[in-house]
Amino acid sequence: TVFAFVCFLIGSFYLTFLGFFLLTIGGRSEKHKITYHRHLQWICKFVLKKIPMTNCTIKNNSGEENPFDKPAIIICNHQAHIDLMAILALSHKIIVVTNKWVWNAPFYRWIIRYADFYPAEKFDVEDIGPLRNKMQEGYSIAIFPEGTRSEDCSILRFHKGAFYLAKELNVSIIPVMIHGFGYVLPKKYMLLKKGELHIEVLPRICTDNIDYQELCKETRKMYKEKYSELCKEVETPNYYADEIINNYIYK
């Protein structure tokens, strides 16, 4: 845990200083912003790979060579604080919609400002314009539709904001599914555990000719089915072996 946190701090300090010199002093040109986002993607990959005794696997099952070339709304299930790095590691052209409290978080509050993340508790009409502008610049918008981390890693109820936004902006949805993040770093825990991290990019969802509320229900249903399939594939006896052994050691 200490080693992973030190890697995270090094990456955070690096991105903060880079943003200050590149964007504050150098100016927020499009070239500078792209450079900053590329470094942000690289740091997220670096930190994920440096978590001891874990292995992160990324699968592209979207049917596209690079699904993030075309701007879309990216949705993902939410399990742990490190989920955000999993999303940002996928592409340098991603803007994340975050809760407003994140903007005052220690270590990375300046990073999310430099990266043009967007604070919103729920979507209103005035939120659509700024996000449409970012999509016209080629960025995809990432949202966690559950709104909070799942304590038992199950798929929680989806809020409708991401689907409403996709309909209003007339763009498709790219579903991303993660597994193992809530096991490695459970909610309300501060210590990392040994485990396997899985990130899976699913086929793009077209939003034409369907009500956004119905789209929300059908997408959550699909997530529950796909997540159940992934659990059956990944959660073998070896997956839980260390946790069981550690429980006996404790007793």
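Report follows, based on the coordinates. (Residues numbered from 1 in each chain as written. Predicted model: local features only at pLDDT ≥ 70, side-chain atom pairs only at ≥ 80, totals over all residues. Heavy atoms only, no water.)

### Overview of unusual backbone geometry
Unusually for a residue other than glycine, Asp116 sits at a positive phi of about 65°. By the element assignment, Asp116 lies in the loop between helix H4 (109–114) and strand E4 (118–119). At Asn209, a residue that is not glycine, the phi angle is positive and equals roughly 55°. By the secondary structure assignment, Asn209 is in the loop between strand E7 (195–201) and helix H8 (212–234). (Helix = DSSP H or I, 4+ residues; strand = E, 2+ residues; numbered from the N terminus.)

### Quick word on the pattern of salt bridges
With the rule as written, the count across this model stands at 11 salt bridges. Linking Lys33 and Glu30 is a salt bridge whose minimum nitrogen-to-oxygen distance equals 3.8 Å. Of this pair, Lys33 and Glu30 both sit in helix H2 (residues 30–49), three residues apart, which is roughly one turn of the helix. With relative accessibility at 12%, the residue Lys33 sits in the buried group. Across the pair Glu233 and Lys59 runs a salt bridge, and its minimum N-O distance is 3.4 Å. With Glu233 in helix H8 and Lys59 in strand E1 (residues 54–60), this residue pair connects regions lying 174 residues apart in the sequence. When its relative accessible area of 51% is taken as the criterion, Glu233 is described as exposed. Under the relative-accessibility criterion, Lys59 is labelled partly exposed at 36%. Taken together, the shared-partner salt bridges connect Arg28, Glu30, Lys33, Asp116, Lys134 and Glu137 into one network. (Salt bridge = Lys/Arg side-chain N within 4 Å of Asp/Glu carboxyl O. Buried < 20%, exposed > 50% of the residue type's maximum accessible area, 1.4 Å probe, protein only.)

### Focus on the environment of Asp208
Position of Asp208 relative to the elements: it lies in the loop between E7 and H8. In sequence terms Asp208 and Val171 are 37 residues apart; their C-alpha atoms lie 8.7 Å from each other. Contacts of Asp208, omitting those with residues within four sequence positions, involve Lys167 and Asn170. (Contact = heavy atoms within 4.5 Å.)

### Observations concerning the nonpolar core
If you look at the biggest cluster of nonpolar residues, it comprises 44 residues, and the most contacted ones within it are Tyr36, Leu40 and Phe181. Residues within four places of Leu40 in sequence aside, it is in contact with Leu15, Leu88, Ile111, Ala115 and Phe117. Tyr118, Met135, Val234 and Tyr239 belong to the second largest nonpolar core, which has 35 residues in total. (Core = buried A, V, L, I, M, F, W, Y, C linked by side-chain atoms within 4.5 Å.)

### Observations concerning the packing of aromatic side chains
For the coordinates displayed, the defined rule picks out 12 aromatic pairs. Ring geometry for Phe158 versus Phe163: centroids 6.3 Å apart, planes at 20°, classification stacked. Residue Phe158 shares its accessibility class with Phe163, and that shared class is buried. Look at Tyr239 and Tyr240: their rings are 4.9 Å apart centre to centre, the planes differ by 85°, and that puts the pair in the edge-to-face class. Note on Tyr239: relative accessible area 10%, which makes it buried. Counting every residue linked through ring pairs, the aromatic cluster contains Phe5, Phe8 and Tyr108. Against the face of Tyr139 rests Lys93, its NZ or CZ located 4.3 Å from the ring centre. (Phe/Tyr/Trp six-rings, centres within 6.5 Å; stacked < 30°, edge-to-face > 60°. Lys NZ or Arg CZ within 6 Å of the ring centre and 35° of its normal.)

### Observations regarding the packing of helix H6 (residues 161–169) against H8
Between H6 and H8, the shortest axis-to-axis distance is 9 Å and the interhelical angle comes to 130°. Taken together, H6 and H8 sit at an angle that is classed as oblique. Crossing of H6 against H8: the hand is right-handed. Contacts from Phe163, Tyr164 and Lys167 of H6 reach H8 at Tyr212, Leu215, Cys216 and Thr219. Taken together, the residues of the contact of H6 with H8 break down into five nonpolar, one polar and one charged. (Axes fitted to C-alpha atoms, helices over the stretch in contact; angles between N-to-C directions. Parallel < 35°, antiparallel > 145°, perpendicular 65-115°, else oblique. Left-handed = near helix turned anticlockwise from the far one by under 90°. Nonpolar A, V, L, I, M, F, W, Y, C, P; charged D, E, K, R; others polar.)

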